[in-house]
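# A closer look at the structure
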Amino acid sequence: MNVLIVDDDPRILEFAADALRADGLSVQKTMSVAEAIECLQRQGGADLILCDIMMPNQSGFELQKYLTNNLRFSEIPVIILSARADALTVATGIRLGARDYIVKPYKTEILLGKVRQVLESGKGVVLVALA
C-alpha cells in the first residue's frame, strides 16, 4: 500500500512517514499541493493521502478539490492531519470528501489505526475528533 503525505512541516512529514514505514507501508512525502499533484501524476495515484490543511500557496482543501474533479484520482481516500480543530474547518474537510480528520498533535497509534481502517475498509468511516 502506498501512502502520500502532504505537509509543509518537515518534522510532521518525517514523524508520519517513519510511523507508516514501520507499519509496513510505502510512503511518498511532499511539502505542497503542487508537489503532491506532480507525485500523483508521476506515480499514477496512491492508495491513501494524508494531507495538512494550512500550507503556503494552496491549502489541503485545494488538493481535495483537485482530486474530486479528476476522475483518475477521485477515488483516493484522504485523511486530513491538521492543527485546526474548529467545527467549520472539520465540516469543510468532510464536505469535500475527507474520510477522516486527525487533529495535531496526535498519537502514533491513532494515526496508524485510522490509516489501517481506511485502507482495509475501502470506504472508511468518518470520525471527527474535536479538541
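As a reminder, the structure under discussion sits directly above these lines.
Residues numbered from 1 in each chain as written. Predicted model: local features only at pLDDT ≥ 70, side-chain atom pairs only at ≥ 80, totals over all residues. Heavy atoms only, no water.

The set of residues buried in helix α2 (residues 33–43) consists of Val-33, Ala-36, Ile-37, Cys-39 and Leu-40. Projection of α2 onto a plane perpendicular to its axis shows the buried side chains occupying an angular sector of 160°, all on one side. If you follow the buried residues of α2, they end up packed against β1 (2–6), β2 (26–30), β3 (48–51) and α3 (60–68). Of the residues trailing α2, Gly-44 is marked for its positive phi of about 85°. (Buried < 20%, exposed > 50% of the residue type's maximum accessible area, 1.4 Å probe, protein only. Helix = DSSP H or I, 4+ residues; strand = E, 2+ residues; numbered from the N terminus. Arc of directions from axis to C-beta. Contact = heavy atoms within 4.5 Å.)

Time to look at the nonpolar core. Counting 24 residues, the largest nonpolar core has Leu-4, Val-6, Leu-40, Ile-49 and Leu-63 as the members making the most contacts within it. Mapped onto this core, the elements with two or more residues apiece are β1, α2, β3, α3, β4 (78–82) and β5 (100–103). Sort the elements by how many residues they give to this core and α2 lands first, with five residues. In this structure, Leu-40 is in contact with Leu-4, Gly-45, Ala-46, Ile-49, Leu-67, Arg-72, Phe-73 and Ile-76, ignoring residues within four places of it in sequence. Membership of the second largest hydrophobic core comes to 20 residues, among which are Leu-13, Ala-17, Leu-50 and Ile-102. (Core = buried A, V, L, I, M, F, W, Y, C linked by side-chain atoms within 4.5 Å.)

Below, the discussion takes up the packing of aromatic side chains. Inspection of every chain in the model, using the stated rule, returns two aromatic pairs. Note on Phe-15 and Tyr-106: the rings are 5.9 Å apart at their centroids and 55° apart in plane angle, and the pair reads as tilted. Taken as a pair, Phe-15 in helix α1 (residues 10–22) and Tyr-106 in the loop between β5 and α5 (108–121) lie far apart in primary sequence, 91 residues in all. On the basis of an interplanar angle of 35° and a centroid distance of 6.2 Å, the ring pair of Tyr-66 and Phe-73 is categorised as tilted. Residue classification places Phe-73 among the buried residues on the basis of a relative accessible area of 1%. (Phe/Tyr/Trp six-rings, centres within 6.5 Å; stacked < 30°, edge-to-face > 60°.)

It is worth spelling out the pairing of β2 at this point. Bridging between β1 and β2 involves five bridges; their strand directions are parallel. Bridging across to β2, Leu-4 finds its partner in Gln-28. A crossover connection joins β1 to the parallel β2 through α1; in handedness this β-α-β unit is right-handed. (Pairing = 2+ DSSP bridges. Right-handed = clockwise from strand over helix to strand, strands pointing away.)

What follows deals with the side chain of Lys-104. For Lys-104, the location among the structural elements is in the loop between β5 and α5. Those residues within four positions of Lys-104 in sequence are excluded, and the remaining contacts are Asp-7, Ile-12, Asp-52, Leu-81, Ser-82 and Ala-83.

Take the sheet that holds β3 next. Strand order across the open sheet formed by five strands is β2-β1-β3-β4-β5, with parallel pairing between neighbours. Of all strands in the sheet, those with a lone pairing partner are β2 and β5, marking the two edges. Put simply, the sheet's adjacent strands are angled 20° from each other on average, direction ignored. Bridge analysis of β4 against β5 gives four bridges, and the strand direction is parallel. Across the sheet, the residue bridging to Leu-81 is Ile-102, located in β5. Seen against the sheet, α1 touches β1, β2 and β3 and runs at an angle of roughly 170° to β2. (Axes fitted to C-alpha atoms, helices over the stretch in contact; angles between N-to-C directions.)

On to unusual backbone geometry. Between Lys-104 and the following residue, Pro-105, the backbone shows a cis peptide bond with an omega angle of -10°. Tracing the backbone through its elements, the reader meets Pro-105 in the loop between β5 and α5. One non-glycine residue, Asn-57, lies in the positive phi region at around 70°. One can find Asn-57 in the loop between β3 and α3.

Just distances and angles here, no functional claims.
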